[in-house]
Amino acid sequence: MAGGGGSCLFSGFRQLGLYCNHVPHVLRYHSKHREFYLVTSVGKCFHTYNVNRLGIVAVSNGLPDEITCLAADRMLVFAAAGTLVYAFARNKEVVQTYRGHRREVRSLLPFGDQLVSADAGGLVIVWDVRGGDVYLELTFDPATFAVSAMMHPSTYLNKVLLGSTQGTLQLWNLKTSKLLYTFAGWSAGVTVLEQSPAVDVVGVGTSTGRIVVHNIRADETLMSFTQDWGPVTSLAFRTDGPPMLAAGSPQGHVTLWDLERRRAAGQLASAHRTAVSLSFVHGQPLLVSNAADNALKVWFLDGEGGGSRLLRSRWGHAAPPALVRHHADDGKNILSAGQDGTLQSFSTIHDRLNKNLGHGSVNKKKEQKKKKKKDGWSYEELRLPAITAFSSAAARQADWDGIVACHRGRLATSTWNYRQCSMGAHHLRPPGVRADAVATAVDITSCGNFAVVGSSCGRLDVYNLQSGQHRGCYGDQEQAHGGAVRGVATDALNQQMLSAGADGLLKFWRFKSRQQDGQLDLQAAPAAVRLHRESGMLALALDDLTLVLVDVETKRAVRKFAGHRAQTNDMTFSPDGRWLITGGMDCTIRTWDIPSGSLVDCFLVWAAPVSVSMSPTGDFLATSHVDTLGICLWTNRSLRGPVGLRPLPADHQPEEETAPGGGAWREEPEEEEPEDEPEAYASAEQLGAELLTLSRLPESRWKHLLSLDAIKKRNKPAAGPVKGMTAPFFLPTVPGLTPRFSVPEGGPQSEALGRRLPSQMLSKFALALEACLDAGSGEGNDATRVPTSRALALPAELLKSLGPSGVSLELSALSPQGGGAPGLLVAFVAMIEDMLAGGRDYDLAHAYLALFLKLHLRSLTEDAVAVEALLRLSTPLETKWAELRASFNQSLCLLTYAKSALL
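Thresholds, definitions, all that
Residues numbered from 1 in each chain as written. Predicted model: local features only at pLDDT ≥ 70, side-chain atom pairs only at ≥ 80, totals over all residues. Heavy atoms only, no water. Helix = DSSP H or I, 4+ residues; strand = E, 2+ residues; numbered from the N terminus. Buried < 20%, exposed > 50% of the residue type's maximum accessible area, 1.4 Å probe, protein only. Contact = heavy atoms within 4.5 Å. Areas by Shrake-Rupley, 256 points an atom, 1.4 Å probe, with all protein chains shown as cover. Axes fitted to C-alpha atoms, helices over the stretch in contact; angles between N-to-C directions. Parallel < 35°, antiparallel > 145°, perpendicular 65-115°, else oblique. Left-handed = near helix turned anticlockwise from the far one by under 90°. Arc of directions from axis to C-beta. Salt bridge = Lys/Arg side-chain N within 4 Å of Asp/Glu carboxyl O. Phe/Tyr/Trp six-rings, centres within 6.5 Å; stacked < 30°, edge-to-face > 60°. Pairing = 2+ DSSP bridges.

So, about the overall build of the chain. On a plain count of helices and strands, the chain comes out with nine helices and 58 strands. For the chain, with 903 residues in total, the buried portion stands at 48%. The long-range share in the chain, meaning contacts at least 24 apart out of those at least 6 apart in sequence, stands at 46%. Counting every atom, the chain has about 45,700 Å² of accessible surface; 51% of that belongs to carbon and sulfur.

As a further point, take the environment of phenylalanine 280. Note on placement: phenylalanine 280 falls in strand S26 (residues 276-280). With relative accessibility at 10%, the residue phenylalanine 280 sits in the buried group. Here the alpha-carbon distance between phenylalanine 280 and threonine 239, two residues 41 residues apart in the chain, equals 7.6 Å. Setting aside residues no more than four positions away along its own chain, phenylalanine 280 makes contact with Leu27, Ala236, Phe237, Arg238, Ala246, Leu286, Leu287 and Leu301.

Interaxial distance between helix H6 (residues 804-812) and helix H8 (residues 842-861) falls to 10 Å at its minimum, and their mutual angle equals 45 degrees. Our classification of the angle between H6 and H8 gives oblique. For H6 against H8, the interelement crossing comes out right-handed. Packed against H6, whose contacting residues are Val807, Ser808, Leu811 and Ser812, the element H8 presents Tyr848, Leu851, Phe852, Leu855 and His856 at the interface.

Let us look at helix H5 (residues 793-800). Side chains of residues three or four places apart in an α-helix project in the same direction, reflecting 3.6 residues per turn. All of the buried residues in H5 are Pro795, Ala796, Leu799 and Lys800. For H5, the angular spread of buried residues about the axis comes to 140 degrees, placing them on one side.

A separate point is the pattern of salt bridges. All chains considered together, the criterion is met by 21 salt bridges. Overlapping salt bridges bring together Arg459, Asp461 and Glu478 as one network.

Assignment of secondary structure puts histidine 47 in strand S4 (residues 46-50). Leaving out residues up to four positions away in the same chain, histidine 47 has contacts with Leu18, Leu38, Val39, Thr40, Val42, Ile56, Ala58 and Val59.

Counted according to the given criterion, the structure contains 15 aromatic pairs. Centre to centre, the rings of tyrosine 19 and tyrosine 49 are 6.5 Å apart; their planes meet at 40 degrees, and the pair counts as tilted. Highlighted residues: tyrosine 19 in the loop between strand S1 (10-16) and strand S2 (26-30) and tyrosine 49 in strand S4, separated in sequence by 30 residues. For the pair shown, tyrosine 19 and tyrosine 49 are each scored as buried. Aromatic pair tyrosine 181 and phenylalanine 183: ring centres 4.8 Å apart, planes at 70 degrees, arrangement edge-to-face. You can call tyrosine 181 partly exposed: its relative accessible area is 39%.

Burial analysis of strand S37 (residues 422-428) places five of its seven residues in the buried class, which makes it a mostly covered element. The turn joining strand S36 (residues 413-417) and S37, which pair antiparallel and follow one another in sequence, is formed by four residues; a positive phi near 55 degrees is taken by cysteine 421.

Attention now goes to the pairing of strand S17 (residues 178-183). Examined bridge by bridge, strand S16 (residues 169-173) and S17 share five bridges and lie antiparallel to one another. Its bridge partner being in S17, leucine 171 is matched across the sheet by tyrosine 181. In sequence, S16 turns back onto S17 through a hairpin of four residues, with serine 177 there showing a positive phi of about 55 degrees.

What follows covers the sheet that holds strand S23 (residues 244-248). Judged by pairing direction, the sheet is antiparallel, and its four strands sit side by side in the order S22-S23-S24-S25 without closing on themselves. What marks the edges here is a single partner per strand, and that holds for strand S22 (234-237) and strand S25 (263-268). Pairwise comparison of adjacent strand axes, ignoring direction, gives a mean angle of 20 degrees for this sheet. With four bridges connecting them, S22 and S23 associate as antiparallel partners. If you follow alanine 236 over to S23, its bridge partner there is alanine 246.

Okay, structure coming up:
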């Protein structure tokens, strides 16, 4: 989570729809997991995905600058940002920083225990990975040999092959720091070097589009290809079967070359929109590609002669999103319209739930598309422009289209089907409107049956979404406003429709009769309109940089806010209607408290927010920003705990929040001598003599003491093992002439009953109670002595260390029938009395006493000394319970009043 101190209400969580950028990806193999991982850069941090599912595994901590190149070995991931190189462990934490370059680092190459890095100034440094020390420095003149690519030839010990923009190649021995050989090149700059599965053979990509497969040991060109789409951006050799080479181009096309037949085996036309980076998964027919269009794709090569198909993909907007809105009431899906012309849905739960509704088309029917292509139309000309405004409703999306969108420079609005993830069947175009008019605002009713569309000519039209038919228009002479319609909204019951125009008027209309029901002069043209249907509050952002809040029921302005120093781009309400959250071109996101009419939160962001949307559940705030491809999610801190919101002064200077998605960069502090830390505070066993303290034991140790018999009976097996009758090895006999077996009179246990066990056979608890009797005050036998409070502390601690079965066994052994003595019963009662008098372990004392009375109640009633001790114990029991009951009743009374009273 991003750190920052700007906002007390929101904190950065993550970015949705951001997968990669122009930096080439890196493939890693985890030997323990036996799985391939994919590392992609997304700005100041990088993401790690598993290739099998393209599910995100980890997000690294943020760096101070943008990542320029990536590399990885068996243990670490290396990222270059500016003039520094960082080593990441566990795909997240920076464990080593390499400092030494003076220009921007362009290339990285892990090389055993070393790392080779090259910058734009011609400096090549070989680092010791573990220690971070410089092992070797090589300096090249960029005018004669500007390093553009690096590669370690397989089986070449301590050798590195360097390519240059001048076209020559050099083979260096890094251990001896000697130049071994110089290759003349092919009169074109080297853009990429790639090792082939064959030893001594490498692939070379040039800036003219030529691809050379070269033997570096013999300095001989084995074969050469040429692509027609410009420089070679990447090369990848297939390693699982047929010899094949994949080459990328700046236009996003990929060519698959058959190395046996020396010809093109297939093409992936328009695989990406920009320069593509490629990698084959070792030992598998999988080709991984990424580009600056924010798309990550895995291709499966299973066709004859190099045919391929898209197996898995993750892609977001190729251009920054212009409008984001939460879809449905669960708050789990966010609809986003990008400047690339696509409409996408991003899930806050998992990336696999994302949906891409695609581009809009002028005509959806395939037959008419083919006809247009025959007449000279291209696929790009059939695409609709970017979406400028849209509205969605989930009420009837299972029956018909539930999304209506306005497009840049078009009068007709398009419909979209969320369930089918495609464009809908209707184009909503008003009849009798001049050709230069443009649709500017749209809103769908809460029932999902109707859509109201406003245009630049001041016209308001209503359509039926099921049939796509035009159902009428608002205003006299088919014109509702004197200028362009800036915003429309309908209430929750379809009773009222509101429209705001460039003429500075807010008009109220009856939805069914389409008659005007009033208007309000805003004194300025509105730039954005947002309605909170549950509370009936309409927020308008005016061109004079003020915000006006209008009560729809009374048709009056009830609040006016001023604070933004530039145009307000978008607004959103909190689910309860208490807060109004706005984002403006002054790069601030402000939260206004509607009941008090004050600003309670404000923070700066790195780029101006163009759209904001609060989740219907209130847990996340979604924002889109200028020149940012991802959708930023901010968590609502008020749901996790109390947040002190106070009115901010007029001269409040907001602090900047870092972008969500990666941890904020923090410089490592210098090591300082540790200071003497203060001793940790230890809580006392008993805070006060008048208080009652519960034990810190779990409830399972004392709560079910009275139910042990039922628990043992329930857990007893249905039928236990049956053991046969066996005779002892030596049978007891009676001395005499005639051998006879001896039979004890009264049974084998008759003599044991009523006999006290010797001291060496008593348990620790019974011995502790017996020691209390010996140390007791008073004269007489064991039954009349009273133990002291200090002596009774030890048996209480021993009893607390036992489990429920152990406690039951110890208490059962206190009676004379169990081998104890009458004095032990009195000592136990004294122990309980001492616990209650001190206020310690109040719950344990009651649980132990209840089990004690259940086991020995009959024996206690026959002993006068024990009865006297129990009568003496009953007095503090009744007194303490009366005090507790009075406190409980008082607290319950106050709680009932607080819940039911009208405050």
